[in-house]
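Residue strings, one per chain:
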Amino acid sequence: MFTKLILTATVVLLANTCNRQNKATTEKEPAATATATETAKPDPWAFIVKKRWGLIQLNGRTLTQSPIWLEFDTAQQRFSGNGGCNRVGGNYEADSIQIAFKQVISTRMACIDDSANERESTFLRLLNEHTYTFDIADQTLNLYDSGKVVLMFGMQDKPAGATH
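Each chain carries its own residue numbering, running from 1 in the written order of its sequence. Local features in a predicted model are, by the rule used here, given only for residues with pLDDT of at least 70; side-chain atom pairs are given and counted only at 80 or more, and totals for whole chains, interfaces and linings are based on all residues. Hydrogen atoms and water are omitted, and side-chain values are computed over all heavy atoms in the structure.

Visitor: Explain the overall build of the protein here, please?
Guide: Across its full length, the protein carries three helices and nine strands. Scanning the protein from its N terminus toward the C terminus, one meets helices and strands in the order α-α-β-β-β-β-β-β-α-β-β-β. Remark: exposure states derive from per-residue accessible area (1.4 Å probe, protein chains only) relative to the maximum for the residue type, with buried under 20%, exposed over 50%, and partly exposed in between. Scored against the burial criterion, the 164 residues of the protein give a buried share of 35%. Every residue pair with non-hydrogen atoms within 4.5 Å of one another is taken to be in contact. Taking the contacts inside the protein whose residues are at least 6 apart along the sequence as the reference set, 51% of them involve residues at least 24 apart. About 10,800 Å² of surface is accessible on the protein, with carbon and sulfur atoms providing 55% of the total. Counting from the N terminus, the helices are DSSP H or I runs at least four residues long and the strands are E runs at least two residues long. Residue burial considers only the protein chains on display, and all accessible areas are found by Shrake-Rupley using a 1.4 Å probe.

Given below as C-alpha cells:
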C-alpha cells in the first residue's frame, strides 16, 4: 500500500511539472510574437527617399566618376535624375523587396562622347518597364535581375534645396 501511495504521488508531481512547463511555454509565446513584430525590418523607402543614388556599376562594369544618378519621391511614386547627358524621370511601383520602373522618359540632347551616349542608352533600357528585386547594403542600392546585380547605386547626400 505504501508503494502505491509513493507511486501515485510521483505520477501527480510529474504531471504537475509537465503542466507548469506547458503553461510557461504558452505564456511566453505571445511575448515572443510581440518581440518578432517589434524587430521587423523598417521600410527601406523611408531611407532611400532621403538620398541621391549615383550609379557606380552598370551590368557588372564599375563606373568611375559617373554622372548618372536617381532620386525617388515616395509620395508621388516618381523618380528623377540624370542619365549622364540628359535628365531622366518616370514612375515606379515598389514594396520592401521589389521596384518596377514605368514610363521612363528623358530629354533628347546628344552626348558629346559616343561611350557616354551608349552608357546612357543602356541605362535607360535597363530602367524602362523593368522590375527588379533590390536591397541596401554597405551604402549601396543594388538592383537584381535573376539574382545578378544589374545596377548598383552609391548613396550620396542630396544637394541643398532638393525637395524630395
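Once the structure has been displayed, the description carries forward.
Visitor: Whenever I open this one, unusual backbone geometry confuses me. Can you help?
Guide: Across residues other than glycine, the phi torsion is negative in most instances, and most of the peptide bonds are trans. Non-glycine residue Asn59 carries a positive phi angle of around 50°. Considering the arrangement of structural elements, one finds Asn59 in the loop between β1 (51–58) and β2 (61–62). Positioned with a positive phi, Gln77 is a non-glycine residue whose angle comes to about 50°. As for its placement among the helices and strands, Gln77 is situated in the loop between β3 (69–73) and β4 (78–82).

Visitor: Looking at this model, I keep getting lost on the pairing of β3. Mind explaining?
Guide: Regular strands place side chains that alternate from one sheet face to the opposite one. Of all the five residues making up β3, five are buried; the element is thus mostly covered by neighbouring parts of the structure. Alternating positions in β3 separate into two faces, Trp69, Glu71 and Asp73 on one and Leu70 and Phe72 on the other, with burial throughout. Paired strands are those between which DSSP finds at least two bridges. Where β3 meets β4, five bridges bridge the pair, whose relative direction is antiparallel. Its bridge partner being in β4, Leu70 is matched across the sheet by Gly81. Joining the antiparallel neighbours β3 and β4 is a turn of four residues, in which Gln77 adopts a positive phi near 50°.

Visitor: Would you take a moment to explain the side chain of Thr140 for this structure?
Guide: With respect to the secondary-structure elements, Thr140 resides in strand β8 (residues 140–145). Among the polar contacts made by the side chain of Thr140, one reaches the main-chain carbonyl oxygen of Ala137 at a distance of 2.5 Å. Within the local environment of Thr140, its side chain forms a polar contact with the side chain of Asn142, the two groups lying 3.2 Å apart. Residues contacting Thr140, with those up to four places away along its chain left out, are Trp53, Ile56, Asp135, Met152 and Phe153. Here a polar contact means two N or O atoms within 3.5 Å. Within protein one must be a hydrogen donor candidate and the other an acceptor candidate, and residues neighboring in sequence count only if both atoms are side-chain atoms.

Visitor: Is there a simple way to explain the pattern of salt bridges in this structure?
Guide: A side chain with one charge can pair with a side chain of the opposite charge if their charged atoms come near. By salt bridge we mean one thing: a side-chain nitrogen of Lys or Arg within 4 Å of a carboxyl oxygen of Asp or Glu. The final tally for this structure, using the stated rule, is three salt bridges. Here Glu118 ties to Arg125 by a salt bridge, and the two come within 3.5 Å at their closest N and O atoms. Relative accessible area serves as the criterion here: at 46%, Glu118 is assigned to the partly exposed category.

Visitor: Please clarify how the confidence of the model for the protein should be interpreted in this entry.
Guide: The predicted structure's coordinates, where accompanied by low pLDDT, should not be read in detail. For the protein, per-residue confidence averages 82 on the pLDDT scale, and residues scoring 70 or more make up 73% of the total. Here residues 1–38 is a poorly scored stretch, pLDDT under 50, and it has zero contacts once near neighbours within four places are set aside; other chains count. One confidence number per residue, pLDDT, is output by the predictor and ranges from 0 to 100.

Visitor: What am I meant to see in helix α3 (residues 114–127) here?
Guide: In this analysis, the expected span of each helix is defined as 1.5 Å times one less than the number of residues it contains. For α3, built from 14 residues, the straight-helix expectation of 20 Å at 1.5 Å per residue is met to within 8% by its first-to-last C-alpha distance of 20 Å. Listed as buried for α3 are Ala116, Arg119, Glu120, Thr122, Phe123, Leu124, Leu126 and Leu127. The opening residue of α3, the one whose side-chain oxygen lies 2.8 Å from the backbone nitrogen of Ser115, is Asp113. Where α3 ends, the next residue or the one after it, Glu129, has phi of about 55°, a positive value.

Visitor: What is the right way to look at the nonpolar core in this model?
Guide: One recurring pattern in soluble globular proteins: nonpolar side chains tend to sit buried together. Ranked by internal contacts, the top residues of the largest apolar core, which has 26 residues, are Leu70, Phe72, Ile99, Phe101, Leu143, Leu151 and Phe153. Looking at this core element by element, the count peaks at four residues for α3. As used in this record, nonpolar core signifies buried Ala, Val, Leu, Ile, Met, Phe, Trp, Tyr and Cys residues forming a set joined through side-chain atoms within 4.5 Å.

Visitor: What should I look at first to understand the state of the cysteines in this one?
Guide: Note on terminology: a disulfide is the covalent bond linking the sulfur atoms of two cysteines. When two cysteine sulfur atoms are found within 2.5 Å, that pair is recorded as a disulfide. A full pass over the atoms with the stated rule returns one disulfide. The side chain of Cys85 participates in a disulfide bridge whose partner is Cys111; the two sulfur atoms lie 1.7 Å from each other. Judged by the torsion about the S-S bond (125°), the Cys85/Cys111 disulfide is right-handed. Taken together, the residues span a long stretch of sequence, with Cys85 in the loop between β4 and β5 (87–94) and Cys111 in the loop between β6 (98–106) and α3 at a distance of 26 residues. With respect to burial, Cys85 and Cys111 carry one shared label: buried.

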